[in-house]
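# Report on the structure
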Amino acid sequence: MILLDSNVLLVDFKYHNDPTFARNRQAMTALAASGVVLGVPTQVIIEIVGVMSFGTPAADVLKIWPTIQKKYNLTVVPDPAVVPDHCGCTPDEIVAEMVCKRHSGDAVIAAQIAKYASGAAAFLTWNLKHFRGNLVIPVLTPDEWLQQQTPPAAQSPPAGPTP
């Protein structure tokens, strides 16, 4: 499983003028083609709906998450059928993640990953400063993940003339 941060999904779904859009879209296409299970911590759901609710008619706000979950075939961690409350973490678990100078939303994501998805292959985000080096799983940008999937010879042209 590879976990996605809200910014990766929002850039792909909504912010097509973002400078990272093209590479983000490439990574999302490669992820879909790879067959790897894609997941999101429940806090990511809250963040996505929060951002997208602005300017959305009230009747449509409840449709935001199901639309995105279906479009990207996302698994939610922890599974809401098993852990139906907001985040499945205690306040102490969340506060412990704030030691790394995270705001509350990122602390919830880190606590959920540690508790429910510590075996995930990676967490993809464009916000490295809040996660890299202090999650229980590797943290990569979509671009870095994509580079790991591409053989070195395919990443750049040869340095000199081709014989």
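Data block above holds the structure.
Report on the accompanying structure.

The rules behind the values
- Residues numbered from 1 in each chain as written.
- Predicted model: local features only at pLDDT ≥ 70, side-chain atom pairs only at ≥ 80, totals over all residues.
- Heavy atoms only, no water.
- Axes fitted to C-alpha atoms, helices over the stretch in contact; angles between N-to-C directions.
- Helix = DSSP H or I, 4+ residues; strand = E, 2+ residues; numbered from the N terminus.
- Parallel < 35°, antiparallel > 145°, perpendicular 65-115°, else oblique.
- Contact = heavy atoms within 4.5 Å.
- Nonpolar A, V, L, I, M, F, W, Y, C, P; charged D, E, K, R; others polar.
- Pairing = 2+ DSSP bridges.
- Buried < 20%, exposed > 50% of the residue type's maximum accessible area, 1.4 Å probe, protein only.
- Phe/Tyr/Trp six-rings, centres within 6.5 Å; stacked < 30°, edge-to-face > 60°.
- Salt bridge = Lys/Arg side-chain N within 4 Å of Asp/Glu carboxyl O.

### Quick look at the packing of helix α3 (residues 42-53) against helix α6 (residues 104-116)
The N-to-C vectors of α3 and α6 enclose an angle of 150°; their axes lie 8 Å apart at closest approach. On the basis of their axis angle, the class for α3 and α6 is roughly antiparallel. Every residue of α6 that contacts α3 at Thr42, Gln43, Val44 and Glu47 is listed here: Gly105, Asp106, Val108, Ile109 and Gln112. Across the contact of α3 with α6, the residue classes tally to three nonpolar, four polar and two charged.

### Things to note about the sheet that holds strand β3 (residues 74-77)
What links the strands of a sheet is backbone hydrogen bonding, and the strands pair in either a parallel or an antiparallel sense. Read from one edge of the open sheet, five strands run β3-β2-β1-β4-β5, paired in parallel fashion. Where the open sheet ends on each side, the last strands, each with one partner, are β3 and β5 (139-140). Of the pairings in the sheet, the one linking strand β1 (residues 2-4) to strand β4 (residues 122-124) comprises three bridges and is parallel in character. Its bridge partner lying in β4, Leu3 is registered against Phe123.

### Considering the environment of Ala122
Here Ala122 is to be found in strand β4. In this structure Ala122 comes out as buried when scored by relative accessible area, which is 3%. Sequence separation between Ala122 and Thr141 is 19 residues, and the spatial gap between their C-alpha atoms is 9.8 Å. Filtering out sequence-adjacent residues up to four positions away, Ala122 remains in contact with Met1, Ile2, Leu3, Ile137, Pro138 and Leu140.

### Re the packing of aromatic side chains
As enumerated under the stated definition, the model contains one aromatic pair in all. When the ring of Phe123 is compared with that of Phe131, the centres are 5.0 Å apart and the planes differ by 65°; the resulting orientation is edge-to-face. As far as the burial class goes, Phe123 and Phe131 line up, both buried.

### Quick notes on the pattern of salt bridges
Pairing between side chains of opposite charge can happen when their charged atoms approach one another. What the rule picks out here adds up to four salt bridges. Salt-bridge contacts for Arg23 lead to Asp143; the nearest nitrogen and oxygen are separated by 2.1 Å. Within this pair, whereas Arg23 is found in helix α2 (residues 21-34), its partner Asp143 is found in helix α7 (residues 142-149), the two being separated by 120 residues in sequence. Overall, the relative accessible area of 28% leaves Arg23 in the partly exposed class. In this structure, the salt-bridge partner of Lys63 is Asp60, at a minimum N-O distance of 3.2 Å. Of this pair, Lys63 and Asp60 both sit in helix α4 (residues 58-72), separated by three residues, roughly a single helical turn.

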